[in-house]
Amino acid sequence: MFVLVTGGTGYIGSHTCIELIKAGFSLVIVDNLSNSSEVVLDRIEIITGKRPDFFKGDILDFSFLNDILKKYSFSAVMHFAGLKAVGESVEKPFLYYENNVAGTLNLIKAMESAGLRNLIFSSSATVYGLPESVPIRENSPTSTQNPYGASKLMVEGMLTDLAHANSEWNIATLRYFNPIGAHESGLIGEDPKGIPNNLLPYISQVSAGKLACLSVFGDDYDTPDGTGVRDYIHVVDLARGHVCALEKVLAQSGHFVVNLGTGNGYSVLDMVKAFEAASGQAINYKIVDRRPGDIGTCYADPKFAKDFLGWQAEFDLTSMCEDSWRWQSNNPNGFE
């Protein structure tokens, strides 16, 4: 059973590919490699014994997608390809609308042309904006604080309209919180290009001496220590959630939205302390001004995921940090 994975050499996509192969699926990956490396394919093969078919290309290229979708008999598409940095989206909003929204529209058109209507979409808890309350449930109000979140919410709206217009579409929209960690082998992990945009890779590189100091964006939020609180989830737990969602989609479950998180909130300084314990290294940090588009507290209510998908997070914060540090230690220059 073939699954097309867009963005499959990226951080979340690559870990999900491993879990999909373990679950018995055959994979075809498409990726433009703008924020990933083809070396990931070698690592997936080492871990699983199987190498996904790979095609380098962009989801903005309709002809490319159309050709791939007609080349195989796919059962579903798992769509990770997208830009994801909040700060960059504030600086370059139309880049995010073009890639995330227009790219997804291209994919849907190509799927429709191929008669393929099973889709798992990689969304984000960013669509909840400034939450009215926590924990956040799937029926919590949505809003946006930045163009990245707006682009994800636009795609969600498109998919909702599509499902309403054509009941043959089976769509899982997965709103996940803050993925961290790495595969236990230390062979794959998060390898951001340039200066990391996310907290854990930045902490990892400070711990390894690649970066001098962590900037903590604000210590005046309404949280226990004043720094932002997030729901951090191990990337392998997240990947397994995608497999559960795929099985639901293949059972023709219509259109559904699920939060993937742990239900636990940790502050930036909590994460610093946890990573210091995992790595045995002191982490230099400084408090700076808040970052545009950021919010104070965000964590999930994971109950629906457990009830509907039969999924729940298993890894604790210690495992997340230990696996991140193993990846960083074994691959000081990422996949280079």
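Throughout what follows, the structure given in this document is the object of discussion. (Residues numbered from 1 in each chain as written. Predicted model: local features only at pLDDT ≥ 70, side-chain atom pairs only at ≥ 80, totals over all residues. Heavy atoms only, no water.)

**Quick look at the overall build of the protein chain**
In terms of helices and strands, the protein chain carries eleven helices and 14 strands. The C-alpha atoms of the protein chain give a radius of gyration of 19 Å, which matches the 20 Å a tight globule of 336 residues would have. Taken along the three principal axes of its C-alpha coordinates, the protein chain extends 55 × 45 × 40 Å. In the protein chain, which comprises 336 residues, the share counted as buried stands at 55%. A separation threshold of at least 6 residues defines the contact pool for the protein chain, and within that pool the share at least 24 residues apart is 79%. Working note: accessible area of the protein chain is about 13900 Å², and carbon and sulfur atoms make up 47% of it. If you average the places of the 26 positive and of the 39 negative side-chain charges in the protein chain, the two averages end up 3 Å apart. (Helix = DSSP H or I, 4+ residues; strand = E, 2+ residues; numbered from the N terminus. Rg over C-alpha atoms; globule rule 2.2 N^0.38 Å. Buried < 20%, exposed > 50% of the residue type's maximum accessible area, 1.4 Å probe, protein only. Contact = heavy atoms within 4.5 Å. Areas by Shrake-Rupley, 256 points an atom, 1.4 Å probe, with all protein chains shown as cover. Lys, Arg positive; Asp, Glu negative; His and termini not counted. Charge placed at Lys NZ, Arg CZ, Asp CG, Glu CD.)

**A short note on the packing of aromatic side chains**
What characterises a pair of aromatic rings is the spacing of the ring centres plus the angle enclosed by the ring planes. Tallying each qualifying case throughout the model produces nine aromatic pairs. When the centroid spacing of 6.3 Å and the interplanar angle of 75° are considered together, the rings of Phe 55 and Tyr 72 count as edge-to-face. Of the two residues, Phe 55 sits in strand β3 (residues 53–56) while Tyr 72 sits in the loop between α3 (62–71) and β4 (74–79), which places them 17 residues apart along the sequence. Given a relative accessible area of 17%, Tyr 72 falls into the buried group. Between Tyr 96 and Tyr 148, the aromatic rings sit 6.4 Å apart at their centres with planes inclined by 85°, giving edge-to-face as the arrangement. Placement of the pair is Tyr 96 in helix α5 (residues 93–114) and Tyr 148 in helix α6 (residues 147–165), with a sequence separation of 52 residues. When its relative accessible area of 0% is taken as the criterion, Tyr 96 is described as buried. Take Tyr 148: its relative accessible area is 8%, and that puts it in the buried class. Ring-pair connections join several aromatic residues into one group, and the members of that group are Phe 2, Phe 55, Tyr 72 and Phe 74. A cation over an aromatic ring shows up here: Lys 109 above the ring of Phe 62, its NZ or CZ 5.4 Å from the ring centre. (Phe/Tyr/Trp six-rings, centres within 6.5 Å; stacked < 30°, edge-to-face > 60°. Lys NZ or Arg CZ within 6 Å of the ring centre and 35° of its normal.)

**Thoughts on the pairing of β3**
With four bridges joining them, strand β2 (residues 26–31) and β3 adopt parallel strand pairing. Across the sheet, the residue bridging to Asp 31 is Lys 56, located in β3. Chirality of the crossover, the property in question, places the unit of β2, helix α2 (residues 39–48) and β3 among those that are right-handed. (Pairing = 2+ DSSP bridges. Right-handed = clockwise from strand over helix to strand, strands pointing away.)

**Topic: unusual backbone geometry**
With an omega dihedral of 0°, the bond running from Val 134 to Pro 135 counts as a cis peptide bond. Within the secondary structure, Pro 135 is located in the loop between β5 (118–124) and α6.

**Quick notes on the packing of helix α1 (residues 11–22) against α2**
Across the interface, α1 lies against α2 with an axial gap of 10 Å and an inter-helix angle of 30°. Between α1 and α2, the angle falls in the class roughly parallel. The handedness of the crossing between α1 and α2 comes out as right-handed. Contacts from Ser 14, Cys 17, Ile 18 and Ile 21 in α1 reach Val 40, Ile 44, Ile 47 and Thr 48 in α2. (Axes fitted to C-alpha atoms, helices over the stretch in contact; angles between N-to-C directions. Parallel < 35°, antiparallel > 145°, perpendicular 65-115°, else oblique. Left-handed = near helix turned anticlockwise from the far one by under 90°.)

**Side note on the sheet that holds β2**
Ordered by their spatial adjacency, seven strands build an open sheet running β3-β2-β1-β4-β5-β6-β11, and the pairing between neighbours is parallel. In this open sheet, the two edge strands, each paired with only one partner strand, are β3 and β11 (255–260). Looking at each pair of strands side by side, their axes are set apart by 15° on average, direction ignored. Of the strand pairs in this sheet, β4 and β5 are connected by three bridges, and their pairing is parallel. Within β5, the residue paired with His 79 across the bridge is Phe 121. Docked against the sheet, α3 engages β1 (2–6), β2, β3 and β4, running at close to 165° with respect to β3.

**Observations concerning the sheet that holds strand β12 (residues 266–267)**
Spatially, three strands are ordered β12-β9-β14 in an open sheet, and the strand pairing comes out mixed. With one partner strand each, in any of the chains shown, β12 and β14 (297–298) form the two edges of the open sheet. In the sheet, strand β9 (residues 229–230) pairs with β14 via two bridges, with the strands oriented parallel. Residue pairing in the sheet places Arg 230 in a bridge with Cys 298 of β14.

**Observations concerning α5**
When the terminal C-alpha atoms of α5 are compared, their 31 Å separation across 22 residues agrees well with the 32 Å that a helix rising 1.5 Å per residue should span. Taken together, the buried positions of α5 are occupied by Tyr 96, Asn 99, Asn 100, Val 101, Gly 103, Thr 104, Asn 106, Leu 107, Ile 108, Ala 110 and Met 111. The inward-facing, buried residues of α5 contact β1, α3, β4, α4 (86–91), β5 and α6. Just past α5, the residue Gly 115 takes up positive phi, approximately 75°. (Expected span 1.5 Å × (residues − 1).)

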